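Structural features, examined
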Amino acid sequence: MEPMTVGRIAAAVDGVWLNPRENAPAVTAVCTDSRALTPGCLFLPWVGERFDGHDFIDAALEAGAAGCLCARVPEKLRKDKFYIQVPDTRLALKALASAYRDQFQIPVIQITGSVGKTTTKEMVAAVLGAKLKVWKTPENYNNDVGTPLTLLGLTSEHQAAVIETGMNHFGEIEYLTEMVKPDIAVISNIGDAHIEFLGSREGILRAKCEIFSHLKKDGLAVLNGDDALLDTVAEPFRTVRCGKSGHCQAKITEIADRGVEGISCAVVTERDRYPLSIPAPGEHMAYAAAIAVAVGEALGLSREEIARGAASYVPAGSRMRVLRLPGRRVILDDCYNANPQSVAAALEILARTECDNRVAVLGDMGELGAIGNRAHYNMGALASMLGIDLVFAIGSGDRAGKIADGVAQSGGSVLYFPTKEEALPELRRQLGPGAVMLVKASHAMKFGWLVERLQET
């Protein structure tokens, strides 16, 4: 973060500086967690359902924060710290991030979608990084706290920003887009994630299209051209569609699947043909690459720069991370999150992988509402149809239990366990020489614990 004076901060958030003084230090960081402060930062007390950060203002200041925003003013004000009173700290953080983002005249790419947001963000950042100094959303900072904190991480050295935004209710993408003000808006796809709150895929489409609410007038929309719902989107902006379909302006061709080694493909545009080698498994990676090509072209990158950037892609976190163990054993760690589309893609990768024994470890998928039972059953049935040798279904009876039913009733082999701890001994036995084991579930299932334990074997 570039230094901001207390006066500028107060003006940006339309707040009242309660104890102004001439020698107040400039701020170079904003923190919302009193346990992880940067010395000299601005502490912003976040108000959640079960906690109120205002209760930790004194502790934050004692730990080194230079001052704070506050909707609830402490009884005593320290003379060596500053206090800015605002009506709502959440809205103040948004206003601060929005004002700060306005300082930077660099291309900003905003990305949303039901599946593959982070993968697309990482691929776009990798491609742009072949030429530009890129700032990108760290980890999963894609909500109403993470997005403004990401924007506040911009500095004068950055030449482009790639911002991932998530949502599970109407209005959330619009709220974030008002801060981001993208030059390029990307929607990776429309799936079933969060359908419990949005009612239907059409509802999800409407919520994702909020990304256009503050796209600049001369901005670019980049869409998955093989997504039937996205094909219904009107084109009030310049639009590039990416995919295999004939109407796509960034067309994917010549996909070669190398299993866990990754894929190669070509992306053809009106301007050029881009042969790409991507060191990550799954044909879905071609879509992230095609989107990155469209963004890279728009920002003036050469063919060589785009190809070099795609080849440098590294998966973020537990997103189809390939872990190689002694004895030709492989774990496909894809347990960051799960929904029907991402599970199907992961199972197809496992099915195409050359090995002695294919094992899928599947758990509960969340936020599916009325389609939950059917979706879990279908995942189990798909695993059986793809010829997966053994499926572990781990979790609740009405979710993972349905996965087990789908496998068994489709003629496959399945073991059901209510908990990770109960499943672990048998998982270790099945991860034998030459085995490839996919681990996939919603983040709430904490299957990362299983991945850690299995790497110890």
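Structure first, text after, so check above.
Residues numbered from 1 in each chain as written. Predicted model: local features only at pLDDT ≥ 70, side-chain atom pairs only at ≥ 80, totals over all residues. Heavy atoms only, no water.

Some details on the overall build of the protein chain
Across its full length, the protein chain holds 15 helices and 20 strands. Its C-alpha atoms give the protein chain principal-axis dimensions of about 75 × 55 × 45 Å. In the protein chain, of all internal contacts separated by at least 6 residues, the share reaching a separation of at least 24 is 64%. In the structure as shown, the protein chain presents an accessible area of about 18800 Å², 50% of it carried by carbon and sulfur atoms. Computing the positive centroid from 48 side-chain charges and the negative centroid from 55, the protein chain places the two 2 Å apart. (Helix = DSSP H or I, 4+ residues; strand = E, 2+ residues; numbered from the N terminus. Contact = heavy atoms within 4.5 Å. Areas by Shrake-Rupley, 256 points an atom, 1.4 Å probe, with all protein chains shown as cover. Lys, Arg positive; Asp, Glu negative; His and termini not counted. Charge placed at Lys NZ, Arg CZ, Asp CG, Glu CD.)

Examining the environment of G369
By the secondary structure assignment, G369 is in the loop between β17 (357-363) and α12 (372-385). Each C-alpha atom, one on G369 and one on S200, is 9.9 Å from the other, the two residues being 169 residues apart in sequence.

What about unusual backbone geometry?
The phi torsion at K181 lies on the positive side, around 50°, for a residue other than glycine. Here K181 lies in the loop between α6 (172-180) and β9 (184-187). Residue M320 is not a glycine yet carries a positive backbone phi of 50°. With respect to the secondary-structure elements, M320 resides in the loop between α10 (303-311) and β15 (321-325).

So, the pairing of strand β13 (residues 263-268)
Two strands pair when backbone bridges link them, and strand β12 (residues 250-257) and β13 are joined in this way by five bridges, in the antiparallel orientation. Residue pairing in the sheet places T253 in a bridge with A266 of β13. Between β12 and β13, which pair antiparallel one after the other, the connecting turn spans five residues, and G259 there sits at a positive phi close to 65°. What sits between β13 and strand β14 (residues 273-278) in their antiparallel hairpin is a turn of four residues. (Pairing = 2+ DSSP bridges.)

Quick look at the sheet that holds strand β6 (residues 108-112)
Strand pairing in a sheet relies on backbone hydrogen bonds, with the paired strands running either antiparallel or parallel. On the basis of which strands lie adjacent, the open sheet formed by nine strands has the order β7-β8-β6-β9-β10-β11-β12-β13-β14 and mixed pairing. Whereas interior strands pair on both sides, the edge strands pair on one side only; in this sheet they are β7 (134-136) and β14. Going from strand to strand, the sheet's axes swing by 20° on average, the running direction of each strand aside. Across four bridges, the pairing between β9 and strand β10 (residues 220-224) is parallel. Among the inter-strand pairings, A185 is bridged to a residue of β10, identified as A221. (Axes fitted to C-alpha atoms, helices over the stretch in contact; angles between N-to-C directions.)

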